Every structure is written in structure tokens, then in C-alpha cells.
Amino acid sequence: MAHGDTTGGFTKTEGWLDWYDGPSTPAFRMPEGAVDAHCHVFGPGAEFPYAPERKYTPCDASADQLFALRDHLGVDRNVIVQATCHGADNRALVDALRRSEGRARGVATVRRDVTAEQLADLHEAGVRGVRFNFVKRLVDRVPTDSLAGIVEKIAPLGWHVVIYFEAEDLPELYDFFSSIPTDVVVDHMGRPDVTKAPDGEEFGLFLRFMRENPNVWTKVSCPERLSVRGPRALVGERHAYTDVVPFARRVVEEFPDRVLWGTDWPHPNLTDHMPDDGLLVDYIPQVATTADLQRKLLVDNPHRLYWADSDTTEGA
Ligand code: 0GY
């Protein structure tokens, strides 16, 4: 973990919170083959420089550090999502995928002019999707016709589109999202405001979006980002982020075959606290309350989306 104000020769964003390098051992035992389907690598900046157009400069978080966390938490595999601080330069992602020896898949960021050869190289490294980001503090908005052009290029590879947006922007983006013909994966349940009711208008629109579009999946991730209550344990000492539970449990129970879970390590842009990833694992049985739901969330669903072309009865 980097300490101080600099990271690989870059100056970290003021007030940056570094990831926590002493995660507790979770009480929840992961099922065999469990996947952390949302995590990132940052740099290291000295080897993989941060993109000039980035909106923040993070603390370095390398592939080896990610794989150490994977092993500590009892996770088997990772899905590494290209972070905006690397723009469309996927070199750090590709390096991590190659070094995972088949235990990681990737979601890249590409520009509209990406070539078939570049896409083939990414596929060979383990990339299975692209990410479209609509969060204004993270990226400058790309016009939807450019994004539609990217979809045309990636669809023949069997890839999907990961979308990241804030709940208040769903009404404006609803028709574009519904027009995407590939599988679509929504980050962090579309970032609901958890001070509102889970059966209220705002989250109701998100649930309707999933109901009307059977190609849409979502990650029930980032309680630490969505929570207002924070990590304080209310029920048992390892039950944190309880104000997000009703939202995630509702999605897991209504769409058990279209949900994924991830840590979001190394947790970019958090300003109030840095989570203990062990507690994030213990969040899982709060939202997926049976062994059957847990197996779908952690194993069956991510394997179907990311390893369908390589899983055999012998394993990946
Ligand atoms: C997340 C959330 C954030 C950042 C990024 O790529 C990124 O920079 O995804 C955020 O700041 O909300 O999923 O990691």
C-alpha cells in the first residue's frame, strides 16, 4: 500500500483514502469457485501511468495486492473493471489478467475507433465486456451514438456492456440503455439513494428497468458507498451497512439469476471511511439469505457471464 502524498511518481488527489491493508477474516465461508465480480487495479503508476484525462489520482493498488486479498477472503476468481483513472489505456488491466493465469476476466474501456485487432487482443487476454460510465464526477460524457458504435463492434465477440450511472440519471438514459442488444450489467444497483424507500419511485424505476429488460444484470455491490449509516454493526458485530440491505435483498430475491457481487477494492473516491473487505464479505449472507441464492450470486452467475467459454467439468 502506498503511503504519503505520492504514488508511482504521481501526486495523489488531496484527501485520498488509501485501501485498508489489514482486512479481517470473514465469518462467512465463500462457496467453492466464488467470484469477486467488481474490483480494480491502479497502476502501479510508475509502470502503468495514470491517464492524462483522469479526474482523480489514486493510491497504487497492484494485481499482486488484489490477488493477496482474493486469497485472504476465500474468493477464487476476479472480474477486474477498468477504472477511469486509466482512461482507455487498458495496459494495467491486461497485465493483471495475464498474470492471473485464467483466474481473472476483465471489463475494458475502449474508444469508438477501436480496431478489430485490438479487440481480439483484449479478448485473448480475458476481457469480456466494456464499461460505459455516466457518472459526471468521473468522466466527460461520451455521446450515445459513439457508444452505440462500440456496441456494434463488441457484440460479435459475445461481450456485454457494464454501465455506471447515478439513480437520478436513469430516467434520461432509460431508452438508450433499453436499446442495447447485448447483456448489460449495472454497477452498484444504479446507485440508489438509500434514504428513500426501496419500494419507492426511484428504486421502483430501476426494478422496472430490470423487469422489462431480461438482458440486464446488476451488481449488488458497494454498500460502503451507498450507505448513510456506515459500517456500524447494528444486528451482530459483523453486520455492517444495514441500511443498504433491503435494496440488495430485494434485487437478489427477484432476479436471482442476474445478480453479481464484488468488493470494489481498492474503493476509489471514498471520503468518509475505508471499508474492511472482510466485513464486505459478511454483508453477503444479509442479502443472499440461502445457500442456493449465495451459489447463484457468487458462482453460477459470474461463471456463466465470464467463463462460459472456458469452464469444463474439470474447472477453468
Ligand atoms: C467504482 C466506483 C467509482 C469509481 C470508478 O472507474 C472508476 O473510477 O468506478 C466511484 O468513484 O464511484 O465502482 O469503483
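Residues numbered from 1 in each chain as written. Predicted model: local features only at pLDDT ≥ 70, side-chain atom pairs only at ≥ 80, totals over all residues. Heavy atoms only, no water.

Draft legend 1. Spatial organisation of the site of the ligand. The local shell around the ligand holds 15 residues, among which His40, Tyr56, Thr84, Tyr164 and Asp264 are the closest. Within the side chain of histidine 38, an N or O atom sits 2.8 Å from an oxygen atom of the ligand. Between the ligand and asparagine 269, the relevant distance is 2.8 Å, taken from an oxygen atom to a side-chain nitrogen or oxygen of the residue. Taken by itself the ligand offers 350 Å² of open surface, and the protein chains cover 100% of this. Taken together, the residues of the shell around the ligand sort by class into five nonpolar, five polar and five charged. (Near = heavy atom within 4 Å. Polar contact = N/O pair within 3.5 Å; in protein donor to acceptor, adjacent residues only side chain to side chain. Areas by Shrake-Rupley, 256 points an atom, 1.4 Å probe, with all protein chains shown as cover. Nonpolar A, V, L, I, M, F, W, Y, C, P; charged D, E, K, R; others polar.)

Draft legend 2. Seen up close, the packing of aromatic side chains. What the rule picks out here adds up to 12 aromatic pairs. Between phenylalanine 42 and tyrosine 56, the ring centres sit 6.4 Å apart and the planes meet at 70 degrees, which makes this aromatic pair edge-to-face. Residue phenylalanine 42 is located in the loop between strand 3 (35–39) and helix 1 (63–73), and its partner tyrosine 56 is located in the loop between strand 3 and helix 1; the two are separated by 14 residues in the primary sequence. Tyrosine 56 sits in the buried class, given a relative accessible area of 5%. Counting every residue linked through ring pairs, the aromatic cluster contains Phe134, Phe165, Tyr174, Phe176, Phe177 and Phe209. (Phe/Tyr/Trp six-rings, centres within 6.5 Å; stacked < 30°, edge-to-face > 60°. Helix = DSSP H or I, 4+ residues; strand = E, 2+ residues; numbered from the N terminus. Buried < 20%, exposed > 50% of the residue type's maximum accessible area, 1.4 Å probe, protein only.)

Draft legend 3. Here's a closer look at the environment of proline 31. Considering the arrangement of structural elements, one finds proline 31 in the loop between strand 2 (10–11) and strand 3. Note: C-alpha distance between proline 31 and alanine 291 (260 residues apart in sequence) is 8.7 Å. Here proline 31 is in contact with Gln294, Leu298 and Val299, once residues within four sequence places are set aside. (Contact = heavy atoms within 4.5 Å.)

Draft legend 4. Fine view of helix 3 (residues 116–125). Those residues of helix 3 lying buried are Leu119, Leu122 and Ala125. One side of helix 3 carries all its buried residues, which in axial view fall inside an arc of 120 degrees. Exposed and facing more than 90 degrees away from the buried side of helix 3 are Ala116, Glu117 and Glu124. Packing partners of the buried residues in helix 3 comprise helix 2 (91–99), strand 5 (104–108), strand 6 (127–133) and helix 4 (144–154). Taken from the residues just after helix 3, glycine 126 is the one with a positive phi, measuring 120 degrees. (Arc of directions from axis to C-beta.)

Draft legend 5. Highlighting the side chain of arginine 191. Assignment of secondary structure puts arginine 191 in the loop between strand 8 (184–186) and helix 6 (201–212). Classification of arginine 191 by relative accessible area gives buried; the value is 15%. Reaching out from arginine 191, the side chain makes a polar contact with the side chain of tyrosine 164 at a distance of 2.8 Å. If we ignore the near neighbours within four places in the chain, the residues touching arginine 191 are Arg137, Tyr164, Phe165, Glu166, Ala167, Arg225 and Leu226.

Draft legend 6. Highlighting the environment of alanine 248. Inspection of the secondary structure assignment puts alanine 248 in helix 8 (residues 245–254). On the basis of relative accessible area, alanine 248 is assigned to the buried category, the value being 0%. For the pair formed by alanine 248 and valine 259, sequence separation is 11 residues and the distance between their alpha carbons is 9.5 Å. Not counting the four nearest positions on each side in its chain, alanine 248 is found in contact with Met189, Val220, Tyr283 and Val287.

Draft legend 7. Region of the structure containing the state of the cysteines. In this structure the tally under the stated criterion is zero disulfides. Of the cysteine sulfurs around cysteine 85, a residue in no disulfide, the closest is that of cysteine 59, at 11 Å. (Disulfide = S-S within 2.5 Å.)

Draft legend 8. Expanded view of the sheet that holds strand 4 (residues 77–81). Spatial strand order, 3-4-5-6-7-8-9-10: eight strands in an open sheet with parallel pairing. This sheet does not close on itself; its edge strands, each paired only once, are strand 3 and strand 10 (259–260). Where strand 6 lies against strand 7 (residues 160–164), five bridges are found, and the strand directions are parallel. Across the sheet, the residue bridging to valine 130 is valine 161, located in strand 7. (Pairing = 2+ DSSP bridges.)

Draft legend 9. Broad picture of the pairing of strand 7. Within strand 7, five of the five residues are buried, leaving the element largely enclosed by the surrounding structure. With helix 4 bridging strand 6 and its parallel neighbour strand 7, the resulting β-α-β unit is right-handed. Here strand 7 runs beside strand 8; their pairing, made up of three bridges, is parallel. Residue valine 161 lies in a different strand from strand 8, and its bridge partner there is valine 184. For the segment spanning strand 7, helix 5 (residues 170–179) and strand 8, crossover handedness is right-handed. (Right-handed = clockwise from strand over helix to strand, strands pointing away.)

Draft legend 10. Quick look at the packing of helix 5 against helix 6. Axis separation between helix 5 and helix 6 bottoms out at 11 Å; the angle between their running directions is 5 degrees. With respect to helix 6, the element helix 5 is oriented roughly parallel. Where helix 5 approaches helix 6, its residues Leu170, Pro171, Tyr174, Phe177 and Ser178 are matched on the opposing element by Leu205, Phe206, Arg208, Phe209 and Glu212. Its residues assigned to classes, the contact of helix 5 with helix 6 comprises seven nonpolar, one polar and two charged. (Axes fitted to C-alpha atoms, helices over the stretch in contact; angles between N-to-C directions. Parallel < 35°, antiparallel > 145°, perpendicular 65-115°, else oblique.)

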